[in-house]
Amino acid sequence: MKTPAAPALAILLAASPLLSAPDPSWLDHDRDRPQPAVVDPGTFSSQEQPGRPPSDATVLFNGSDISQWASMDGSPTKWVVKDGVFQCVPGSGYARTLESFGDCQLHVEWASPTPPHGNSQGRGNSGVFFGFDRYECQVLDSFENRTYADGSAAAIYGQYPPLVNVTRPPGQWQTYDILWTAPRFDANGKLVSKARETVFHNGVLVQNNVELTGPTSWLERAPYKAHPERLPIALQDHGNPVRFRNIWVRELATYRHKEFMLPDSVLDGYVGDYPRGGRDVIHVARAADGLLTFNFGGADFVMHAESPTRFYALTTDVQGEFTDKDGKKELRVTVGD
Ligand code: MG
């Protein structure tokens, strides 16, 4: 039997992504409670062969297809696919996903160059970033390569060294299984809850739900600055040809739509004024983090991309779709549908 949630507790649970408690809507052992979705768990990887991702994962790299990756400005990535692996091309910049992700489970496999070159931070350096370019879990050849502890493999860079160093020799495949909880900001940009991260390196727990102090950076404790909850995941170009394979992600929060960070060129193409059924004009402008603002009826709406042409507001029921008519862009906005 379903019983109504205590309103105060329900609000508290909705407001705090970090607070975990049994859902008070259900009785103990309630037979009417929905069953968990059935998911094929896939298989583990071996050195010779990548495993199969769980059936509900979003596969980001499967050995050949890099259509889900881009340069940071959204143009095609210059990283290459070679022998089934996605490889950093030094000097080409970070590679990021086109899709944006909030709270998630991420699986990444990586291998340092062999024979190894350089030492300390110069050996097999890359990184797994959440929040576009803000929060780095270090990728480094930390096998018999001394560096500062909070910059070694699986460190939350500059903040938390890994609990242990389980790095395999260069050339061997290594896994990161990361649980990411995005920071939350209120409508005024005030920090509501900090980011949290749990990391298993080669199956061994090395970061236990640590709370990030802010964006990771070199020689600096940068403060949090408001950003969208969902943003692309990025892999770092730190000048070393680090290889990646078998990358997949499972988003853990419930979101209404998928979200993408579109290429700058596409977003720039939407900027301008569009008529709104003879009533007024919709002013479209760029905003930070790949977002657009629609201004009409005396209000500003921050719009997130659901596809290359469809946008939606997070907090109000406003949607917009761009179409091309005889080479001219048109925008249809719906409110409250
Ligand atoms: Mg790095």
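What you are looking at is a predicted structure, and each value in this text was computed from that prediction instead of being measured.

Colleague: Looking at this structure, how should I read the coordination of the magnesium ion?
Modeller: Between any two of four tetrahedral donors, the ideal angle at the metal is 109.5 degrees; between two of six octahedral donors, it is 90 or 180 degrees. Of the protein atoms, only Asn-125 (OD1), Ser-126 (O), Glu-136 (OE), Gln-138 (OE1) and Gln-236 (OE1) coordinate the magnesium ion, at distances of 2.1 to 2.3 Å. Residue Gln-138 is classed as buried on the basis of its relative accessible area of 0%.

Colleague: I'm lost on the side chain of Arg-123 in this one. Help?
Modeller: Along the chain, Arg-123 falls in the loop between strand 6 (104-111) and strand 7 (126-130). At 4.2 Å, Asp-141 is the nearest oppositely charged side chain to Arg-123, a buried residue that forms no salt bridge. Of note is the side chain of Arg-123, whose polar atom sits 2.9 Å from the backbone oxygen of Gly-118. Aside from chain neighbours lying at most four places away, what touches Arg-123 is Pro-116, His-117, Gly-118, Leu-140, Asp-141, Phe-143, Glu-144, Asn-145 and Asn-240.

Colleague: What's the story with a nonpolar patch on the surface in this structure? I'm lost.
Modeller: On the surface, a nonpolar cluster with roughly 410 Å² of combined accessible area is contributed by Tyr-148, Trp-218 and Leu-219. Turning to its location among the elements, Tyr-148 is positioned in the loop between strand 8 (135-139) and strand 9 (174-181). Overall, Tyr-148 belongs to the partly exposed group, its relative accessible area being 33%.

Colleague: Looking at this structure, how should I read the domain arrangement of the chain?
Modeller: Many descriptions give the size of an interface as the accessible area lost when the pieces come together. Along its sequence, the chain is carved into domain 1 (1-19 + 34-257) and domain 2 (264-335). With 8 residues of domain 1 at the interface, the matching set in domain 2 holds 8 residues. Here domain 1 packs against domain 2, burying approximately 630 Å² in sum over the two surfaces, 43% of which is carbon and sulfur. For the pair domain 1 and domain 2, the interface holds 1 salt bridge. For Arg-134, the salt bridge identified is with Asp-289, shortest N-O distance 2.9 Å. Classifying every residue of the side of domain 1 that touches domain 2 gives 2 nonpolar, 2 polar and 4 charged.

Colleague: I'm lost on the sheet that holds strand 8 in this one. Help?
Modeller: Two modes of strand pairing occur in sheets, parallel and antiparallel, and in both the strands are linked by backbone hydrogen bonds. Spatially, 5 strands are ordered 2-5-14-7-8 in an open sheet, and the strand pairing comes out antiparallel. Two strands in the sheet have a free side with no partner beyond their single neighbour: strand 2 (69-70) and strand 8. In the sheet, strand 7 pairs with strand 8 via 5 bridges, with the strands oriented antiparallel. Residue pairing across strands places Val-128 opposite Cys-137, the latter belonging to strand 8.

Colleague: So what exactly am I meant to see when it comes to the pairing of strand 21 (residues 318-325) here?
Modeller: On a regular strand, one side chain projects to one face of the sheet and the next to the other, so that they alternate. Here 3 bridges tie strand 20 (residues 310-313) to strand 21, and the two strands are oriented antiparallel to one another. Paired with Tyr-312 across the bridge in strand 21 is Gln-319. Between strand 20 and the antiparallel strand that follows it, strand 21, lie 4 residues. Judged from the 8 bridges that link them, strand 21 and strand 22 (residues 328-335) form a sheet pairing that is antiparallel. Residue pairing in the sheet places Gln-319 in a bridge with Thr-334 of strand 22. Hairpin remark: strand 21 followed by strand 22, antiparallel, with 2 residues in the connecting loop; positive phi at Asp-326, about 50°.

Colleague: How do you make sense of the sheet that holds strand 21 when you look at a structure like this?
Modeller: Within the open sheet, the 7 strands sit side by side as 16-17-18-19-20-21-22. Their pairing is antiparallel. At either end of the open sheet lies a strand with only one pairing partner, and these are strand 16 (272-276) and strand 22. On average, each strand axis in the sheet is tilted by 30° relative to the strand beside it, whichever way the strands run. Of the strand pairs in this sheet, strand 18 (residues 291-296) and strand 19 (residues 299-305) are connected by 5 bridges, and their pairing is antiparallel. When the bridges of strand 19 are listed, Phe-296 appears paired with Ala-299.

Colleague: How do you make sense of the pattern of salt bridges when you look at a structure like this?
Modeller: Oppositely charged side chains can form a pair if their charged atoms are brought close together. If you walk through the whole model with that rule in mind, you get 15 salt bridges. Here Arg-184 makes a salt bridge to Asp-103, at a shortest N to O gap of 2.9 Å. Within this pair, whereas Arg-184 is found in strand 10 (residues 184-185), its partner Asp-103 is found in the loop between strand 5 (95-97) and strand 6, the two being separated by 81 residues in sequence. The class for Arg-184 is buried, based on a relative accessible area of 12%. Judged by its relative accessible area of 9%, Asp-103 is buried. The shortest N-O distance in the salt bridge between Arg-230 and Glu-251 comes to 3.1 Å. One end of the pair, Arg-230, is in the loop between strand 13 (204-211) and strand 14 (234-235); the other, Glu-251, is in strand 15 (residues 243-251), and 21 residues separate them in sequence. With a relative accessible area of 5%, Arg-230 lands in the buried category. Residues joined in a network through salt bridges with shared partners are Asp-103, Arg-184 and Glu-229.

Colleague: Explain the pairing of strand 13 here, please?
Modeller: Bridge analysis of strand 12 (residues 196-201) against strand 13 gives 5 bridges, and the strand direction is antiparallel. Each residue of the ladder has a partner; that of Arg-196, found in strand 13, is Glu-211. Between strand 12 and strand 13, which pair antiparallel one after the other, the connecting turn spans 2 residues, and Asn-202 there sits at a positive phi close to 50°.

The rules behind each value
- Residues numbered from 1 in each chain as written.
- Predicted model: local features only at pLDDT ≥ 70, side-chain atom pairs only at ≥ 80, totals over all residues.
- Heavy atoms only, no water.
- Donors = N, O, S within 2.8 Å, 3.2 Å for Na, K, Ca; no water.
- Buried < 20%, exposed > 50% of the residue type's maximum accessible area, 1.4 Å probe, protein only.
- Helix = DSSP H or I, 4+ residues; strand = E, 2+ residues; numbered from the N terminus.
- Lys, Arg positive; Asp, Glu negative; His and termini not counted.
- Salt bridge = Lys/Arg side-chain N within 4 Å of Asp/Glu carboxyl O.
- Polar contact = N/O pair within 3.5 Å; in protein donor to acceptor, adjacent residues only side chain to side chain.
- Contact = heavy atoms within 4.5 Å.
- Patch = residues over 30% accessible without salt bridge, like charges linked within 9 Å, V, L, I, M, F, W, Y side chains within 5 Å.
- Areas by Shrake-Rupley, 256 points an atom, 1.4 Å probe, with all protein chains shown as cover.
- Domains from an automatic or database assignment.
- Buried area = accessible area lost by both parts, 1.4 Å probe.
- Nonpolar A, V, L, I, M, F, W, Y, C, P; charged D, E, K, R; others polar.
- Pairing = 2+ DSSP bridges.
- Axes fitted to C-alpha atoms, helices over the stretch in contact; angles between N-to-C directions.

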